[in-house]
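# Chains, contacts and geometry: an overview
The chain contents come next:
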Amino acid sequence: MTARIGVVTFPGSLDDRDTQRAIRVAGAEPVALWHKDKDLKQVDAVVLCGGFSYGDYLRAGAIARFSPVMEPLLEQAKAGLPVLGICNGFQILTEAHLLPGTMLRNNHLHFICRDQKLRVENAETAWTTDYAAGQEIHIPLKNNDGQYVADERTLDELEAEGRVAFRYVDFNPNGSQRDIAGVSNEAGNVVGLMPHPEHAVEPLIGTGRTDGLPFFTSILKKLVNA
Amino acid sequence: MSRTPLDTVEHAAATPDVELPWAELGLKKDEYERVVEILGRRPTGAELAMYSVMWSEHCSYKSSKVHLRQFGEKAPESDAMLVGIGENAGVVDVGQGYAVTFKVESHNHPSYVEPYQGAATGVGGIVRDIIAMGARPVAVVDPLRFGAADHPDTKRVLPGVVAGIGGYGNCLGLPNIGGEVVFDACYQGNPLVNAGAIGVMRHEDIHLAKASGAGNKVILYGARTGGDGIGGASILASETFDDAKPSKRPAVQVGDPFQEKLLIECTLEAFREKLVVGIQDLGAAGLSCATSELASNGSGGMRVTLDDVPLRDSTLSPEEILMSESQERMCAVVEPEKVDRFLEICDKWDVIATVIGEVTDGDRLEIYWHGGKIVDVDPRTVAHEGPVYERPYARPSWQDELQADDANKLPRPETSEELKDQVLKLVGSPNQASKSWITSQYDHFVQGNTVLAQPEDSGMIRIDEETDLGVAIATDGNGRYAKLDPYHGAQLALAEAYRNVATTGARPLAVSDCLNFGSPEDPAVMWQFAEAVRGLADACQQLGTPVTGGNVSLYNQTGEAAIHPTPVVAVLGVIDDVARRTPVAFQEEGQLLYLLGDTREEFGGSAWSQVVHDHLGGLPPQVDLERERLLAEILISASRDGMIDSAHDLSDGGLIQAVVESALLGGKGARLIVPDGLDAFTFLFSESAGRAVVAVPRSEEVRFNDMCGARGLPVTRIGVVDGDTVDVQGEFALPLSELRETHEGTIPALLK
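Remember, it's a predicted structure, so these values are computed and weren't measured experimentally.

Now for the overall build of chain B. Secondary structure summary: chain B contains 26 helices and 28 strands in total. In summary, chain B has a C-alpha radius of gyration of 26 Å against a globular reference of 27 Å for 752 residues, a match within 12%. Its C-alpha atoms give chain B principal-axis dimensions of about 85 × 55 × 45 Å. Within chain B, contacts between residues separated by at least 24 positions form 85% of all contacts whose residues are at least 6 apart in sequence.

Now for the overall build of chain A. Across its full length, chain A carries five helices and eleven strands. The C-alpha atoms of chain A give a radius of gyration of 16 Å, which matches the 17 Å a tight globule of 226 residues would have. C-alpha extents for chain A along the principal axes are approximately 40 × 35 × 35 Å. Per-residue burial for chain A yields a buried fraction of 57% across its 226 residues. Counting contacts in chain A only where the partners sit at least 6 residues apart, residues at least 24 apart contribute 75% of the total.

Let's shift gears to the sheet that holds strand 4 (residues 136–146) of chain B. Residues and elements named next belong to chain B. Pairing is mixed across the open sheet formed by six strands, whose spatial order is 1-2-3-6-4-5. Unpaired on one side and paired on the other, strand 1 (81–83) and strand 5 (176–183) mark the two borders of the sheet. Recorded for the sheet is a direction-independent mean angle of 25 degrees between the axes of neighbouring strands. By the bridge criterion, seven bridges tie strand 4 to strand 5 in an arrangement that is parallel. Its bridge partner lying in strand 5, Leu 144 is registered against Val 181. Helix-sheet contacts for helix 7 (residues 115–132) involve strand 3 (98–106), strand 4 and strand 6 (192–202), and the interaxial angle to strand 6 is about 25 degrees. Its contacts with the sheet put helix 8 (residues 152–172) on strand 4, strand 5 and strand 6, and the angle it makes with strand 4 is roughly 180 degrees.

Below, the discussion takes up unusual backbone geometry. The peptide bond linking Gln454(B) to Pro455(B) adopts the cis configuration, its omega dihedral lying at 10 degrees. A positive phi angle is found at Asp56(A), which is not glycine, with a value near 55 degrees. Here Asp56(A) shows up in the loop between strand 3 (45–48) and helix 2 (70–78). Judged by C-beta crowding, with 22 C-beta atoms within 10 Å, Asp56(A) ranks as buried. In this structure, Asp179(A) is a non-glycine residue whose phi angle is positive, near 55 degrees. Within the element layout of this structure, Asp179(A) appears in the loop between strand 9 (164–168) and strand 10 (180–184).

Quick look at the sheet that holds strand 11 (residues 353–360) of chain B now. Residue and element names in this part refer to chain B. The strand order 8-10-7-11-9-12-13 describes an open sheet built from seven strands, whose pairing is mixed. Looking at strand neighbours, the two that pair on one side only are strand 8 (278–281) and strand 13 (372–377), the edges of this open sheet. When the angles between neighbouring strand axes are averaged without regard to direction, this sheet yields 20 degrees. Direction of pairing for strand 8 relative to strand 10 (residues 329–334): antiparallel, over a ladder of four bridges. Bridged to Gly 278 within strand 10 is Val 333. In the packing of helix 3 (residues 45–54) onto the sheet, the strands contacted are strand 12 (365–369) and strand 13, and the crossing angle to strand 13 comes to about 35 degrees.

A few words on the environment of Pro546(B). Residues and elements named next belong to chain B. Note that Pro 546 resides in the loop between helix 20 (523–543) and strand 18 (547–553). Spatially, the C-alpha atoms of Pro 546 and Glu 77 are 7.9 Å apart, while their sequence positions differ by 469 residues. If near-sequence neighbours (up to four positions away) are discounted, Pro 546 is found in contact with Ala 75, Pro 76, Ser 78, Met 81, Ala 510, Val 511 and Cys 540.

The partner chain A presents 24 residues to the 25 residues of chain B that form the contact. For the side of chain B that touches chain A, the secondary-structure elements that each account for two or more residues are helix 8, helix 10 (257–272) and strand 14 (450–452) of chain B. Considering only residue class, the side of chain B that touches chain A consists of eleven nonpolar, ten polar and four charged.

Attention now goes to the UniProt feature "binding site: Mg(2+) 1" (unreviewed entry) in chain B. All names here are of chain B. UniProt feature "binding site: Mg(2+) 1" (unreviewed entry): in the numbering of this structure it lies at Glu 105 and Asn 551. A maximum C-alpha distance of 5.3 Å is found for the annotated residues, which run over 447 residues; spatially they form one tight group. Mapped onto the fold, Glu 105 is located in strand 3. According to the C-beta neighbour criterion, Glu 105 is buried, with 25 such atoms within 10 Å. Look past the residues within four positions of Glu 105 in its chain and what remains in contact with it is Gly 122, Gly 125, Ile 126, Asn 194, Ala 195, Cys 514 and Asn 551. On the basis of neighbour count, Asn 551 is assigned to the buried category, with 23 C-beta atoms found within 10 Å. Beyond its immediate sequence surroundings of up to four residues, Asn 551 is in contact with Val 104, Glu 105, Ser 106 and Cys 514.

Turning our attention to the UniProt feature "active site" (unreviewed entry) in chain A. Residues and elements named next belong to chain A. Sites flagged by UniProt as "active site" (unreviewed entry) map to Cys 87, His 196 and Glu 198. Taken together, the annotated residues stretch across 112 residues yet fold into one region, lying no more than 11.0 Å apart by C-alpha. Here Cys 87 is to be found in the loop between strand 4 (83–86) and helix 3 (88–95). Classification of Cys 87 as buried rests on a count of 29 C-beta atoms within 10 Å.

Glancing now at the pairing of strand 26 (residues 715–721) of chain B. Where strand 22 (residues 592–596) of chain B and strand 26 of chain B come together, five bridges link them in antiparallel fashion. Looking at the pairing, Tyr594(B) lines up with Arg717(B) of strand 26 of chain B.

Let us look at the pairing of strand 28 (residues 732–735) of chain B. All names here are of chain B. Bridge count between strand 27 (residues 725–728) and strand 28: four bridges; the pairing is antiparallel. Following the sheet pairing, Val 728 is matched in strand 28 by Phe 732. Counted between consecutive antiparallel strands, the loop separating strand 27 from strand 28 contains three residues, among which Gly 730 sits at a positive phi close to 85 degrees.

Right, let's get into the environment of Gly550(B). All names here are of chain B. Relative to the helices and strands, Gly 550 is located in strand 18. Given 26 C-beta atoms within 10 Å, Gly 550 falls into the buried group. In contact with Gly 550, not counting residues within four places along its chain, are Lys 103, Val 104, Ser 512, Asp 513, Cys 514 and Leu 515.

Each pair of packed helices can be described by the angle between their axes along with the distance between the axes. Residue and element names in this part refer to chain B. Across the interface, helix 7 lies against helix 8 with an axial gap of 7 Å and an inter-helix angle of 35 degrees. Considering the relative orientation of helix 7 and helix 8, their crossing is right-handed. Of the residues in helix 8, those touching helix 7 at Pro 115, Tyr 116, Gln 117, Gly 118, Ala 119, Ala 120, Val 123, Gly 124 and Val 127 are Arg 156, Val 157, Gly 160, Val 161, Ala 163, Gly 164, Ile 165, Gly 167, Tyr 168, Gly 169 and Leu 172.

A separate point is the UniProt feature "binding site: Mg(2+) 2" (unreviewed entry) in chain B. All names here are of chain B. Taking the numbering used here, the UniProt-annotated feature "binding site: Mg(2+) 2" (unreviewed entry) corresponds to Asp 129 and Asp 281. Taken along the chain, the residues just named run across 153 residues; in space they keep tight, none of their C-alpha pairs more than 6.3 Å apart. In this structure, Asp 129 sits in helix 7. Tracing the backbone through its elements, the reader meets Asp 281 in strand 8.

Attention now moves to the packing of helix 10 of chain B against helix 13 (residues 339–348) of chain B. All names here are of chain B. Two elements in contact, helix 10 and helix 13, have axes whose closest approach is 9 Å; the angle formed by their N-to-C orientations is 150 degrees. On the basis of their axis angle, the class for helix 10 and helix 13 is roughly antiparallel. Helix 10 and helix 13 meet at a crossing whose hand is right-handed. Judged by residue contacts, Cys 266, Glu 269 and Ala 270 of helix 10 engage Phe 342, Ile 345 and Cys 346 from helix 13.

The predicted model of chain B has a mean per-residue pLDDT of 93, with 96% of residues at 70 or higher. The low-confidence segment residues 241–247 of chain B (pLDDT under 50) makes two contacts with residues lying over four places distant or belonging to another chain.

This part is about helix 26 (residues 736–751) of chain B. All names here are of chain B. Along its 16 residues, helix 26 runs 24 Å from first to last C-alpha, staying within 8% of the 22 Å computed at 1.5 Å per residue. Along helix 26, the sharpest change in direction is near 40 degrees and occurs at Gly 745; proline Pro 748 comes one to four residues later. Within the sequence span of helix 26, burial applies to Leu 736, Leu 739, Thr 742, His 743, Thr 746 and Ile 747. In this structure, the buried residues of helix 26 make contact with helix 16 (416–427), helix 17 (436–439), helix 23 (654–666), strand 27 and strand 28.

Quick notes on the rules
- Residues numbered from 1 in each chain as written.
- Chains lettered and ligands numbered in written order.
- Predicted model: local features only at pLDDT ≥ 70, side-chain atom pairs only at ≥ 80, totals over all residues.
- Helix = DSSP H or I, 4+ residues; strand = E, 2+ residues; numbered from the N terminus.
- Rg over C-alpha atoms; globule rule 2.2 N^0.38 Å.
- Contact = placed C-beta atoms within 7 Å.
- Buried ≥ 20, exposed ≤ 12 C-beta atoms within 10 Å, placed from the backbone.
- Pairing = 2+ DSSP bridges.
- Axes fitted to C-alpha atoms, helices over the stretch in contact; angles between N-to-C directions.
- Nonpolar A, V, L, I, M, F, W, Y, C, P; charged D, E, K, R; others polar.
- UniProt positions renumbered as here; feature names shortened; annotations may be inferred.
- Left-handed = near helix turned anticlockwise from the far one by under 90°.
- Parallel < 35°, antiparallel > 145°, perpendicular 65-115°, else oblique.
- pLDDT = per-residue confidence, 0-100.
- Expected span 1.5 Å × (residues − 1).
- Bend = angle between axes of the 7 residues up to and from the residue.

And the structure:
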């Protein structure tokens with residue numbers, strides 16, 4: 001038995017096939033979900049991948065958040081279904097209020113693509129147990145709207161509850177408040193981050209590191225051991 | 001409805017004396033007369049619109065055709081060629097049942113007028129050419145040329161172009177893996193924005209632009225047609241800029257990358273279900289081009305009802321609909337029983353699709369509007385039988401003087417200190433500096449198959465996850481060399497791209513080119529063009545790499561001043577196992593550095609002569625294509641057999657530029673020893689072609705030397721990977737930190 005992990009394709013999703021590949025590399029079974037699907041095909045977890053859903057017109061993630069597939073997703077995420085939002089997926093999760101805060105345009109006003117250093121702040125979420133708390137990893141980052149912002153009170157709460165899952169190290173690439181690269185919900189089943197772990201799962205490809213693979217092995221272990 | 005009668009074919013025949021605005025549409029008098037002769041009457045307004053755009057320089061290649069024939073006539077025998085020149089893009093066999101299509105095109109003029117949209121739609125256009133062949137696009141590359149780096153207008157053009165390429169390409173999900181950025185005052189009013197794309201498919205999936213089978217439906221799908229880009233091909237791309245004329249901004253198209261992404265997915269899904277008989281993208285000349293090319297390449301004629309074209313602006317006239325260059329549109333020919341399924345797929349992707357006509361068993365292209373026949377032409381006369389000019393050409397009077405102004409006689413550094421200063425000046429000059437400020441605005445990682453991306457010598461993409469088969473692409477084109485000698489300059493462009501592909505371990509297979517020149521009406525420019533084409537065709541023949549397609553961009557000049565002749569050459573290569581690729585970065589301390597090839601005193605057109613003396617004169621480096629071939633074979637073998645851990649080709653900036661780049665990328669320094677028989681200056685700055693620097697693990701030293709010796713390639717040990725300085729023994733040592741600051745600081749400082 002392995003875990004079945006859904007990957008949603010919205011119009012304009014770009015990293016859906018890459019994410020499916022990462023899930024396969026980790027040993028799980030990827031399941032393609034279409035944004036018009038009204039059910040989640042009984043998957044054990046879902047990844048909302050990167051891209052420019054609906055061209056990011058209006059606001060990144062703002063239109064995708066109303067796709068039919070989001071209805072069962074919201075319901076089940078609140079009931080504990082593990083959900084990972086990467087980049088545009090993170091933006092969709094904040095638009096859907098599954099995660100707090102929002103993303104503004106990068107403070108330098110340019111798209112940025114780089115090999116980014118991160119610190120894993122919380123190694124206890126559904127998607128991070130294969131990391132050690134405090135571990136530093138390198139994962140590709142590529143976005144236009146990656147500046148994480150929230151009001152001070154929310155930020156303090158996130159810090160106090162250990163819900164800042166990842167922080168940028170050495171260089172803040174987009175002006176995110178408190179160097180926040182990713183956050184989780186209270187229960188730790190929903191995680192969102194701007195960098196792209198699915199682009200760091202094979203030694204030959206991209207930056208040549210596999211620092212992103214533990215996202216997918218973490219969830220696999222959790223699901224298989226459950 | 002307008003009050004004037006519709007200009008139907010009947011009406012045109014009955015009113016022979018009506019004056020038509022052929023000159024405003026860019027046609028010459030004799031060209032208009034030729035149209036009248038073909039039709040046996042005056043053209044209708046709609047016909048005139050079609051002929052004017054399709055016979056424009058941009059679409060008809062009327063000035064370049066007679067020269068471009070050489071690419072076919074001199075094409076080397078190649079088993080790899082599956083589809084050659086003339087289709088949307090060429091296709092080559094890369095083994096294991098895979099075919100790769102690739103092409104480079106220009107979007108120069110629009111990018112000067114409106115940098116963001118001009119560059120964005122350049123990417124959009126080349127990508128649609130790739131889809132139209134049946135392939136999934138897998139990567140893009142962008143060779144760019146701008147005016148002087150410190151000119152105020154460069155600050156307007158460059159950031160816009162870069163944001164446009166990124167904004168469009170990133171949103172399509174195509175990794176940007178290569179290209180170049182060059183600054184030179186000659187491109188001040190005429191920046192070059194070339195865009196290349198690669199696509200991958202199985203052999204059986206190759207599609208062609210032809211409409212066959214009477215009764216088959218012609219489906220227009222994608223964006224609605226608007227008033228943007230009208231006359232883009234005929235007015236923008238086929239004339240020089242002139243301050244006296246009104247702004248041409250409305251002739252630039254506006255891109256919607258989200259729509260294009262949907263178009264890609266929906267087209268590929270239709271291909272997978274074998275629903276498509278023929279396909280053509282709508283680029284330059286829009287529907288005029290798509291209908292006339294589809295019809296003339298097929299077996300029958302075509303009938304189109306223009307009223308069925310979905311419009312963004314309901315006031316458009318039929319002429320405007322035919323000329324519109326609205327982006328993100330494609331035209332497919334589909335069998336009647338498959339139309340429903342095709343439309344269903346379009347609906348799934350929220351893409352508007354409309355049957356606008358059908359293939360007929362006649363041989364005419366007929367277009368109807370409000371019930372009247374407004375076009376009735378032989379489509380071949382529109383698409384293929386445009387005018388062909390034998391433009392006069394002559395070696396310019398200044399060429400001898402330019403070549404006599406020998407760069408080898410320029411004052412050279414006299415002390416070690418001066419040598420060191422010039423090295424710093426070189427690696428920090430805009431052309432030699434790191435371009436990461438630009439390339440970091442492009443997504444390199446999407447699709448998860450990028451093995452190498454800029455600043456590597458070539459971009460490399462894995463195309464099969466099981467076998468690790470990959471393809472590599474490099475683009476090069478040194479306008480300074482081509483100005484000094486267009487024939488050899490074009491060959492050097494090919495040689496460099498060929499070498500760059502081989503340096504990463506891939507075997508060069510085929511060529512695409514984008515030939516950027518001034519006005520063909522100037523005999524000196526035409527001579528440059530003729531020489532460059534002849535040089536490139538001869539070199540392709542000798543290296544066994546056929547030209548599969550490409551693009552010509554003329555009229556890149558402002559007033560009397562033409563750009564440097566700039567033939568940009570893209571070479572595509574294949575690598576059986578991407579795990580064997582060779583990167584630029586130094587990998588391990590202690591590895592031995594070898595210089596492959598011969599170093600001569602060659603400074604004509606060099607980066608050193610530009611940076612230190614602001615000089616352009618003399619002759620470019622010698623071309624030795626047999627040597628290039630041998631060097632490539634050695635680099636490929638060494639990569640395959642694990643004899644080298646890093647490699648970098650030597651080109652502009654010479655050896656020191658290459659070593660500094662490898663050192664900075666690897667974070668490891670180098671100790672260099674000037675070889676016997678060379679002075680330090682020549683060793684560091686010469687731009688002799690046919691050379692590369694490789695790092696060899698000590699365990700491989702004997703084997704590597706034996707291989708070079710046995711095959712007769714000169715090889716010189718020049719040092720070792722070591723420390724945190726670039727140390728030229730007996731001359732100077734520069735800390736990596738200082739080199740990094742110099743090399744990486746220039747571009748951000750200029751563009752902030």
